[in-house]
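Structure assessment
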Amino acid sequence: MSEPTVVTHPLVVGPVGPGCKKVDPIVIADGVVRRFGGNTAVHVDHVEVPRGKITALIGPNGAGKTTFFNLLTGFDKPNEGDWSFNGQNLGNVPAFKVARRGMVRTFQLTKSLGRLTVLQNMLLGATKQPGENVFTALFKPLWKSREEEITTRADDLLARFKLDAKREDYAASLSGGQRKLLEMARALMSEPELVMLDEPMAGVNPALTQSLLGHIKELKNDGTSVLFVEHDMHMVRHISDWVIVMAEGKVVAEGPPETVMDDQAVIDAYLGAHHDTDLGDMIEQKSVAERARRVEAKEASLADD
Amino acid sequence: MDFLFVLNNALGVALSPTTAAYALAAIGIGVHFGYAGLLNFGQAGFMAIGAYAFGITTLTLGFPFPLAFLSAVVASVVFALILGIPTLRLRADYLAIVTIASAEIVRYIVSTTGLSDVTGGASGLSAFAGSFQAMNPLPSGSYGFGPWTYSRAEFWVFLWGWGLVAIATVVVWLLMRSPWGRVVKGIREDEDAVRSLGKNVYAYKMQALVLGGVFGSLAGVIFILPRAIQPTNYATTLTFFTWTILLLGGAATVFGPIIGSMIFWVLLVLTEGVIGGLVRADIITFISTTQAGQIRFVLLGLALILLVVFRPQGIFGNKKELSFNV
């Protein structure tokens, strides 16, 4: 085994490691525990998500990534723990208020609103529409101007996501990949500070993957922070600035994508489970082969121990 | 068999205040189910609450019509809150169970002998329309023509019934074209998605429940104005009639409940007249006249099944938007 060396990174205050402090965190979670009966699904001592960066949350199946996501966004309540967004405590804040504060999520299984048109789906994502109040709703002049503003924004986003041709179609008529795009575009309607994407690539064909990757990078360029759960290592290496690895409910490693996969804890977490190595991707074949060699070397050294 | 008489009866019922009351109740569950996706199987309960609130405040407390009318609205708002506070956080099917049970609870409470001083027990309440008719500004005489001829008192009920239906229809139309309606329809599709977009789903569901409940309660008031309050009227059959009407017209449509109610009642009266007439004329010999009165409900049930299977969106509905299974 190599001797411990102190690794530093521009995003991090002090040494890099699980639970390390970030220079400018947007989300800080402390002692978040969620148990289902006797099973502790999530037990995160400390984790910080950097602002203005793309952070990947990875880990083997059952690591508690989605549960942790649900806890952060208020869709589930932890047994213990505190977490904050932009310095504001989010404990016991209902999901809709979390979203209003600028932390908007998408779902692993897409939740497009099938019997609403694509445009209506988009408009639903907007905030500050006075017509959403039951009394104001009766008087169109009170909400007409805001409706025009958000329709313009919706049309811009739809054009960016190449869904403008589908504007008047029911969302139920879209393909799976288009629904992913719609869900992401809809989440952007409120101009959130942090977008949380739960497996944005699941079930998306390779052609759309490229455009989704582009959209996520664009988000970062616009100053939005992104936290995403993903199994696709190709995507994680390609676009993320920082990677947080979870296993058995805990944060076991953190680091930049280039080096985190070499971390002993990560290899332990994935050992035996041949996680989604992207064998079909020609461009990536070299690095995959390299990584396979590295993993083999580690396995060999472990066996020697 | 006097076919003209049967036809006249059937056409007359199309515009009767009772038809208006059923239309109003169906508009209420249209808001609940068609737009917000709330399975309310207790519309009879809301109608009973409206009817009894109106009857009791008039007879026991001596309220004049406007106050008694307002009491019916307030009572249904309270009833909706009591139903909604514990159940709207749960899945939709729980609301269905709770509403059907609470409608039955209401019916059992009002028919309890212990409360007969106030509710009239099993015999119900009557003679409460005095204040309502005292407000009638119409000169005496008969109104309308042909099958739609009304006395002065009947026409006053007619105006209120269809007036309320018109107001409810306009309110629903205004709301459902607005961003409020968009949020509510979004909740029907997937409430977690709407929650993730920063909308207070619970509050919207409560607003929809209250709104539809108030329409149900007003339907209860219109329903009793031409008759007495009978607790047996508020059994689950009443709820399922309003559901049939809603699905007949189209669940998330503006005019569906009105046309649905008219078609429902015309068909009901027509089949009763035709089958009853045929039995009395000894053309149909294997059933009695009492059975003839019941067989139309068998046909009605069959019609509802066929409707849901072959035209789930109703007469007015958009097939794409309103099929049951998406």
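Remember, predicted model here, so these are calculated numbers, not experimental data.

1. Observations regarding the side chain of Lys111(A)
Examined against the element boundaries, Lys111(A) turns out to sit in the loop between β8 (103-105) and α3 (118-124). Taking the relative accessible area as the measure of exposure, Lys111(A) reaches 18% and is therefore buried. A polar atom in the side chain of Lys111(A) sits 3.5 Å from the side chain of Asp190(B).

2. Topic: the interface of chain B and chain A
It is common to give the size of an interface as the accessible area that goes away when the parts come together. Listed by partner, the interface residues are 31 residues for chain B and 33 residues for chain A. Carbon and sulfur atoms supply 64% of the area buried between chain B and chain A, which totals about 2900 Å² over both sides. On the chain B side of the contact with chain A, Arg182(B), Ser196(B) and Leu197(B) bury the most area, a combined 24% of that side's loss. Here chain B is connected to chain A by four salt bridges. Glu132(A) is the partner of Lys199(B) in a salt bridge, and the nearest nitrogen-oxygen pair spans 3.2 Å. Residue assignment for the side of chain B that touches chain A shows that the elements contributing at least two residues are α8 (152-176), α9 (179-189), α10 (191-196), α11 (201-224) and α15 (319-322) of chain B. Considering every element that reaches the side of chain B that touches chain A, the biggest residue donor is α9(B), with eight residues. Of the residues in the side of chain B that touches chain A, the class split is 12 nonpolar, eight polar and 11 charged.

3. Topic: the sheet that holds strand β3 (residues 25-36) of chain A
All names here are of chain A. Judged by pairing direction, the sheet is antiparallel, and its four strands sit side by side in the order β4-β3-β6-β7 without closing on themselves. Looking at the sheet topology across the chains shown, the edges are occupied by β4 (39-50) and β7 (88-89). Pairing analysis gives five bridges linking β3 to strand β6 (residues 80-85), with the strands arranged antiparallel. Opposite aspartate 30, over in β6, you have aspartate 82 as the bridge partner. Packed on one face of the sheet, helix α1 (residues 65-72) meets β3, β4 and β6 and runs near 115 degrees to β3.

4. As for the domain arrangement of chain A
Under the domain assignment, chain A is made up of domain 1 (18-111 + 193-261) and domain 2 (113-173). The gap between the C-alpha centroids of domain 1 of chain A and domain 2 of chain A is 27 Å.

5. Notes on the sheet that holds strand β12 (residues 250-255) of chain A
Residue and element names in this part refer to chain A. Ordered by their spatial adjacency, six strands build an open sheet running β8-β9-β10-β5-β11-β12, and the pairing between neighbours is mixed. What marks the edges here is a single partner per strand, and that holds for β8 and β12. Along the sheet, successive strands turn relative to each other by an average axial angle of 20 degrees, direction set aside. Pairing analysis gives three bridges linking β8 to strand β9 (residues 194-198), with the strands arranged parallel. Each bridged residue has a counterpart across the sheet, and for arginine 105 the counterpart in β9 is methionine 196. This element, helix α6 (residues 206-221), spans β5 (54-58), β9 and β10 (225-229) of the sheet and lies at about 130 degrees to β5.

6. A closer look at the packing of aromatic side chains
All names here are of chain B. Tallying each qualifying case throughout the model produces 27 aromatic pairs over all chains. On the numbers, 5.7 Å between centres and 75 degrees between planes, the contact of phenylalanine 54 with phenylalanine 65 is edge-to-face. With phenylalanine 54 in helix α3 (residues 43-59) and phenylalanine 65 in helix α4 (residues 65-87), this pair connects stretches of sequence that are 11 residues apart. Of the two residues examined, phenylalanine 54 and phenylalanine 65, each falls in the buried class. Sitting over the face of the ring of tyrosine 108, arginine 107 holds its NZ or CZ atom 5.1 Å from the ring centroid.

Definitions and cut-offs
- Residues numbered from 1 in each chain as written.
- Chains lettered and ligands numbered in written order.
- Predicted model: local features only at pLDDT ≥ 70, side-chain atom pairs only at ≥ 80, totals over all residues.
- Heavy atoms only, no water.
- Helix = DSSP H or I, 4+ residues; strand = E, 2+ residues; numbered from the N terminus.
- Buried < 20%, exposed > 50% of the residue type's maximum accessible area, 1.4 Å probe, protein only.
- Polar contact = N/O pair within 3.5 Å; in protein donor to acceptor, adjacent residues only side chain to side chain.
- Contact = heavy atoms within 4.5 Å.
- Buried area = accessible area lost by both parts, 1.4 Å probe.
- Salt bridge = Lys/Arg side-chain N within 4 Å of Asp/Glu carboxyl O.
- Nonpolar A, V, L, I, M, F, W, Y, C, P; charged D, E, K, R; others polar.
- Pairing = 2+ DSSP bridges.
- Axes fitted to C-alpha atoms, helices over the stretch in contact; angles between N-to-C directions.
- Domains from an automatic or database assignment.
- Phe/Tyr/Trp six-rings, centres within 6.5 Å; stacked < 30°, edge-to-face > 60°.
- Lys NZ or Arg CZ within 6 Å of the ring centre and 35° of its normal.

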